[in-house]
Structure formats: structure tokens, C-alpha cells
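Spelled out, the chains give:
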Amino acid sequence: MIIYAVGTTVKKEDAINIIPNKGENFTRLVRDYNEDIFEKTGRQPLAFVRTFGCQQNVSDSEKLKGMLFAMGYAMAQGPETADLILFNTCAVRENAEERVLGNVGALKSLKESNRGLITGLCGCMMQQPHIAAKVHAHYPYVDLIFGTHALGRFPELLWRRLGGDKRIVDLEEACSDPLREDIPVSREGNIGAWVPVMYGCDNFCTYCVVPFVRGRERSRELCVILDEVKGLVEKGFKEIHLLGQNVNSYGRTLEPGVSFSELLRRINAIPGDFRIRFMTSHPKDCTHELIDTIAECEKVCRHIHLPVQSGSDRILSAMNRRYTAEKYLSLIDYARGKIKGVAFTSDIIVGFPGETDADFAETLSLIERVRYHSLYTFIYSKREGTKAALMEDPATREDKRRRFDMLTQIQRRIGQDIYDSLVGTTCRVLAEGPGKTGQGMLAGRTEQGVIVEFEGDEALVGRFAEVSVTKAMLWAVAGKAVTGGSLF
Ligand code: 5AD
Ligand code: SF4
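Residues numbered from 1 in each chain as written. Chains lettered and ligands numbered in written order. Predicted model: local features only at pLDDT ≥ 70, side-chain atom pairs only at ≥ 80, totals over all residues. Heavy atoms only, no water.

Peer 1: Before we go on, may I ask you to explain the sheet that holds strand β11 (residues 275–279) in this structure?
Peer 2: Where strands meet in a sheet, backbone hydrogen bonds hold them as pairs that are either parallel or antiparallel. In space, the three strands of this open sheet follow the order β7-β10-β11, with parallel pairing throughout. Of all the strands in the sheet, the pair left with one neighbour each is β7 (192–196) and β11. Each adjacent strand pair in this sheet contributes to an overall mean axis angle of 25°, direction not counted. Of the pairings in the sheet, the one linking strand β10 (residues 239–243) to β11 comprises five bridges and is parallel in character. Residue pairing in the sheet places I240 in a bridge with I276 of β11. (Pairing = 2+ DSSP bridges. Helix = DSSP H or I, 4+ residues; strand = E, 2+ residues; numbered from the N terminus. Axes fitted to C-alpha atoms, helices over the stretch in contact; angles between N-to-C directions.)

Okay, structure coming up:
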């Protein structure tokens, strides 16, 4: 393993090769250090973790927090009161990176007013050497720089920093981390839980940086996942959200191999009243067997997030998605035939290099045909190191913006029609907390992922309620609890 503890630039020759002492428990070493501080000051050190990006990062931050608690930290309410600030970063699009860098500047003044403050940037953005080097060169007040693969080494890196090393940069190459199951996880609340089932991605869609920053696909052992879910259900969690860049290829790296369908069936068989969600499914690996399984498993939500990215076969091929619009639509039709009331959501990239108005028109006709409940829409963002970054991209920003606006407008109408059709129906909602639309309102989601604001007793939070839908809004539906509160 190479950990760089360096001066001003990230250079190979600056590296000091640290072979970690396997017998050394760095979590305990940091905790001992923090206990000394507690004895001297009467105060537990405080940490603040800010998460940028996707649910995988949210899940990684739960591990960072789990490790921090184990090392004797408590969580700060905000960065101002913290002794340690970590930004867990996202690299998937340029604006995510800009948002991170836009927030890093604030660390400087915080550090000036608190000399003992330790700052760190970790996650996907730092796994890109050119970004790690940039942060290293331009943000001297960042003490720890480490990528996704160094997550489990965080206690060691922190211990070295506390021990006096000036800056710690862990640039371990992608794919080298073993699947670690010994990292503690600190979850927020006890209603919904993120459970990673696999890490990394082998698909290399030509626009995507994820395979570079998260490495090759690795699946967690079936029995480990089952034990984790059983534990969560026993603790009262009501929604288990299985996570992976491509959950459909779960189990391919295991010996003996296991399919995602098998995983769903085994989780579905765990006793208790809870829901199962999963994300993300790649259409090329979404089989009829999987759709049949979703239909058969009563705990699996009737919602499939199935990113299509584009409706044009030419663009899908340039994206290396390995399906056609026709194949995608036939999957949707098969699922609609098998899973009554199934909802689809999707991701779409507008303005991929070479996309013409004619290609874009095919995307529009696909979304009119599928009628998604909702869409995550993105303007293509060039990512260094990807194949698409080398492709000709003649469309102007204005062209792309115009297409993007058209897409969001059309989807707004489709979503509105779907929400309107829910008025007068009764749906089962998992109440997640207070609503946004006023006093006494609660918010939750249906199986299909529709947000529901409803009048109901606060005691319903964390429980399933039947809600009669009276109104459709732009982003949600509203109604009133008619039954509910049973703990099931
Ligand atoms: N530009 C725009 N959108 C992207 N996504 C991934 N990479 C890029 C990129 N370079 C989108 C895809 C993916 C979602 C998580 O982010 O739609 O499904
Ligand atoms: Fe990126 Fe494609 Fe892998 Fe999804 S499947 S993470 S879009 S490379």
C-alpha cells in the first residue's frame, strides 16, 4: 500500500511507503488519543461529515460516521463547532465537483479560527489523480485527501495526521480494497436503511467516470447481506434499500455465483413487515426472471428505476449501453404485464456528444411511450479519462439547454397526469416524518415512490398508513390518513 505524506505536490518520489502494521488497531489508537483530550478538556471531540452526490456516497458516509463514533467522536451540528470536517465528494458530473470546490474555500477561514481543526476530502472526486493533485496544490489547508478505496483506512490516516504528519494523501489505485465487512455503520433514524449489495462497475458507459473511481464490480456475500437485513428488520427498519451501481449483476463475482433474483427472494423471505427497494438496474441485465421475481415477492416495491439515458439507438450505441430502444421498451411492456401498477423512473442524459435534434426526438418519443413517474435529467458533462470525452461534440450549450428544458416540460406534464390519476384512490404510505405543507402534515412514499403529504397523527411516523388521496401537486400528492398506525 502506498500512502503519500508529502509537502506541496503529489509526486511519486515524495511517497513514503507505509506498510501498515496489521496488529495495530488504528481505531483504538485514535480513541485513546481522544479519551486523553476528553480528560483534559472535559469535551468529546466533534466531527462533521458532509455528503455530496448519490446514495452510495450517503452509505459510505454512514461508514465514515460509524468509524468516527468508534474513534471517540460525537457529531457536530455544523462545521463551525467541529474539530474534524470531512467532505465526501462526488465526481459524476462537473457541477457536483464545482459544488464541492465551492465549499472547500470555507474550510480556510474555519481553520484560521480553529488552529486544531482537521479537514479532509474523500470519495469519488479524490479518486481521480488530477483532482487530488489540484486539491493538493491549491488547498493547502486540506489535511487529508483520500479516495473511495481508502475508506477503510480512514482511522489509520487520521491517526497519522493526529500524530504529526503534515498532510496525508492516500492515492491507492482503484480496485485494491478488499470487501471489508468490519467497518461500523452509523445510520440516521430507524425507518429506511441503505444496504450496499455490490460495489464498483464493469460497464464502462462511455460518459461515466464511476468505473474509474469506484473500480471493478465486487459483490458482498449473500449470507452477510441477509444477516444485515435481518438485524435491521429486528431493529424496526421498515424499508431496506439495496444499493449498487448495477444491482442486476449482483453475485457474478461470487463463488458459487448468486443472482440478484435469488437475493431478492431470500430477503423477501425474512419475516417482518418491511419493504424492499433497489437501485440501480441496468436494462441490459434486467431479465424476465428478475421481473417475475419482483412480481412474486410481496415485499419488493412495484417500482423499477431503469435508466434509459437516451431513446436513440445511435446514441445508446455510442454510450456503450448495449441495448436498443426497442429492447428497452419490450422490457417495460413485459414488466407492465407481470407487475400490476408498476412504476418506472429513469435517468436521461441530454446532449451526449453527437446527439442531434433527431436523436433527441427519439428520446422524447420514448418517454411519451413509457410514461415515467419521474425522471432524473442531466445535461451531458465531459469527464476526463472517459471515451466520450474524446468524441466530437458539435451541439452548442444553447442547443443542449433547449432540449433539456423541452424534456423537463414534457415530463412535468406526464408526471402531473399520473399524479392527477391518483386523486380519489387510497394508497399505502410509509410515514417518514413531518411534511412540508403545514402544521400537522406528515410525509411519506408509496410503493411506487410517489411522495405523499398527508394529515395524520405524529405517532404514525415509522409506520404504514392508508392514505386517501385528495389532491395532486407538482412534486407530490396530498391526502388524509384513513387507517394506519398499526405496528404490523
Ligand atoms: N454527464 C451527465 N450525466 C451523467 N451521468 C453519469 N455520468 C454523466 C455525465 N458524464 C448520469 C447518468 C447516470 C446518473 C447517475 O448520472 O444518467 O445514470
Ligand atoms: Fe456508470 Fe454505466 Fe456503470 Fe452506471 S452502469 S455506473 S452509468 S458505467
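From this point, things continue past the structure.
Peer 1: Help me understand helix α12 (residues 357–370), please; the structure alone is not making it clear to me.
Peer 2: In this model α12 runs 20 Å from its N-terminal to its C-terminal C-alpha over 14 residues, within 8% of the 20 Å that 1.5 Å per residue would give. Along α12, the residues that are buried comprise D359, F360, T363, L364, L366, I367 and V370. End-on, the buried residues of α12 take up no more than an arc of 160°, which puts them together on one face. At its buried positions, α12 is contacted by α10 (313–318), α11 (325–338), β13 (343–350), β14 (374–379) and α13 (397–422). (Expected span 1.5 Å × (residues − 1). Buried < 20%, exposed > 50% of the residue type's maximum accessible area, 1.4 Å probe, protein only. Arc of directions from axis to C-beta. Contact = heavy atoms within 4.5 Å.)

Peer 1: Would you explain the site of ligand 2 in this entry?
Peer 2: In the region of ligand 2, the neighbouring residues are C201, N203, F204, C205, Y207, C208, V210, P211, Q245, H282 and R321. For the shell around ligand 2, the residue count by class is seven nonpolar, three polar and one charged. (Near = heavy atom within 4 Å. Nonpolar A, V, L, I, M, F, W, Y, C, P; charged D, E, K, R; others polar.)

Peer 1: Looking at this structure, I do not really get the pairing of β10. What am I missing?
Peer 2: The side chains of a regular strand alternate between the sheet's two faces. Counting buried residues in β10 gives five out of five residues, a clear majority hidden from the surface. Of the two faces of β10, the one lined by E239, H241 and L243 and the one lined by I240 and L242 are each fully buried. With helix α8 (residues 260–268) bridging β10 and its parallel neighbour β11, the resulting β-α-β unit is right-handed. (Right-handed = clockwise from strand over helix to strand, strands pointing away.)

Peer 1: I tried to follow the packing of α8 against helix α9 (residues 288–296) on my own but got confused; where do I start?
Peer 2: A pair of packed helices can be characterised by two numbers: the angle between their axes and the separation between those axes. The geometry of α8 relative to α9 is characterised by a closest axis approach of 9 Å and an angle of 10° between their N-to-C directions. Taken together, the axis directions place α8 and α9 in an arrangement best described as roughly parallel. Contact residues: F260, S261, L264 and R265 in α8; E289, L290, T293 and I294 in α9. Broken down by class, the residue content of the contact of α8 with α9 amounts to four nonpolar, two polar and two charged. (Parallel < 35°, antiparallel > 145°, perpendicular 65-115°, else oblique.)

Peer 1: Can you help me understand the site of ligand 1 in this one?
Peer 2: By nearness alone, every residue bordering ligand 1 is listed as V92, R93, Y207, Q309, D347, I349, F378, I379, Y380, S381 and R383. Y207 places a polar main-chain atom, nitrogen or oxygen, 3.0 Å from a nitrogen atom of ligand 1. For ligand 1, a nitrogen atom lies 2.7 Å from a polar atom in the backbone of S381. Alone, ligand 1 offers 400 Å² of accessible surface; in the complex the protein occludes 85% of this. When residues of the shell around ligand 1 are traced back to their parent elements, those giving at least two are β13 and β14. (Polar contact = N/O pair within 3.5 Å; in protein donor to acceptor, adjacent residues only side chain to side chain. Areas by Shrake-Rupley, 256 points an atom, 1.4 Å probe, with all protein chains shown as cover.)

Just distances and angles here, no functional claims.
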